[in-house]
Amino acid sequence: MLRAVEDCPGVIKLIDYFEEHEFYVLVMERPDPCQDLYEFITKYGPLNEHLAKCFFRQVISIVLACHGKGVIHRDIKDENLLNNLQ
């Protein structure tokens, strides 16, 4: 599924994967410096309204792009949203 949405802006790229006996290991890009939204909120506290709108707008845009490719995430949460700190 990641290959199907790899050209969608904002989607983390799959670099490689390994198939083990009972599970898969996914090797995915991780921009540097970045942190997930959970870490960001833990460090800086609740988001102000303007910043929350910016994050939400980006998430909705990415979700719509993925839906357009026939992919539904089903596990959108703060730990799965990366914030590029640059």
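Scoring rules and cut-offs
- Residues numbered from 1 in each chain as written.
- Predicted model: local features only at pLDDT ≥ 70, side-chain atom pairs only at ≥ 80, totals over all residues.
- Heavy atoms only, no water.
- Core = buried A, V, L, I, M, F, W, Y, C linked by side-chain atoms within 4.5 Å.
- Buried < 20%, exposed > 50% of the residue type's maximum accessible area, 1.4 Å probe, protein only.
- Contact = heavy atoms within 4.5 Å.
- Phe/Tyr/Trp six-rings, centres within 6.5 Å; stacked < 30°, edge-to-face > 60°.
- Helix = DSSP H or I, 4+ residues; strand = E, 2+ residues; numbered from the N terminus.
- Lys, Arg positive; Asp, Glu negative; His and termini not counted.
- Salt bridge = Lys/Arg side-chain N within 4 Å of Asp/Glu carboxyl O.
- Polar contact = N/O pair within 3.5 Å; in protein donor to acceptor, adjacent residues only side chain to side chain.
- Expected span 1.5 Å × (residues − 1).
- Arc of directions from axis to C-beta.

**Focus: the nonpolar core**
By size, the foremost hydrophobic cluster in this structure holds five residues: Val5, Cys8, Val11, Cys66 and Val71. Setting aside chain neighbours within four positions, we find Val5 in contact with Val11, Cys66, Lys69 and Val71.

**Thoughts on the packing of aromatic side chains**
Geometrically, a pair of aromatic rings is defined through the distance of the ring centres and the angle of the planes. Considering all chains together, one arrives at two aromatic pairs under this definition. Taking 5.9 Å as the distance between ring centres and 75 degrees as the angle between the ring planes, the aromatic pair formed by Phe40 and Phe55 counts as edge-to-face. In this pair, Phe40 is assigned in helix H1 (residues 37–44) and Phe55 in helix H2 (residues 49–68), connecting sequence segments 15 residues apart. In terms of burial, Phe40 and Phe55 fall into one category: buried. Taken together, the ring pairs connect Phe40, Tyr44 and Phe55 into an aromatic cluster.

**Looking at the side chain of Asp36**
Mapped onto the elements, Asp36 comes out in strand E3 (residues 34–36). In this structure Asp36 is buried but unpaired, with Arg30 as the nearest side chain of opposite charge at 5.6 Å. A polar atom in the side chain of Asp36 sits 2.7 Å from the backbone nitrogen of Glu39. If near-sequence neighbours (up to four positions away) are discounted, Asp36 is found in contact with Arg30, Asp78, Glu79, Leu81 and Leu82.

**Things to note about the environment of Leu82**
Tracing the backbone through its elements, the reader meets Leu82 in strand E4 (residues 82–84). A residue is classified by how much of its surface remains accessible, and Leu82, at 33% relative accessible area, is partly exposed. Measuring from C-alpha to C-alpha, the distance between Leu82 and Tyr38 comes to 9.0 Å, with 44 residues separating the pair along the chain. Not counting chain neighbours up to four residues away, the residues in contact with Leu82 comprise Ile12, Arg30, Pro31, Cys34, Gln35 and Asp36.

**Some details on H2**
Side chains that are three or four residues apart share a direction in an α-helix, a result of its 3.6 residues per turn. With 20 residues, H2 should cover 28 Å at 1.5 Å per step; its first-to-last C-alpha distance of 28 Å lies within 8% of that length. Along H2, the positions that sit buried rather than exposed are Phe55, Val59 and Cys66. Along H2, the residues classed as buried sweep out an arc of 30 degrees about the axis, all on the same side. For H2, the exposed residues set more than 90 degrees away from the buried face come down to Glu49, His50, Arg57, Leu64 and Gly68. Residues of H2 that are buried in the fold lie against H1 and E4. The N-terminus of H2 is capped by Asn48, whose side-chain oxygen sits 3.1 Å from the backbone nitrogen of His50. One or two residues past the end of H2 sits Gly70, with phi positive at roughly 85 degrees.

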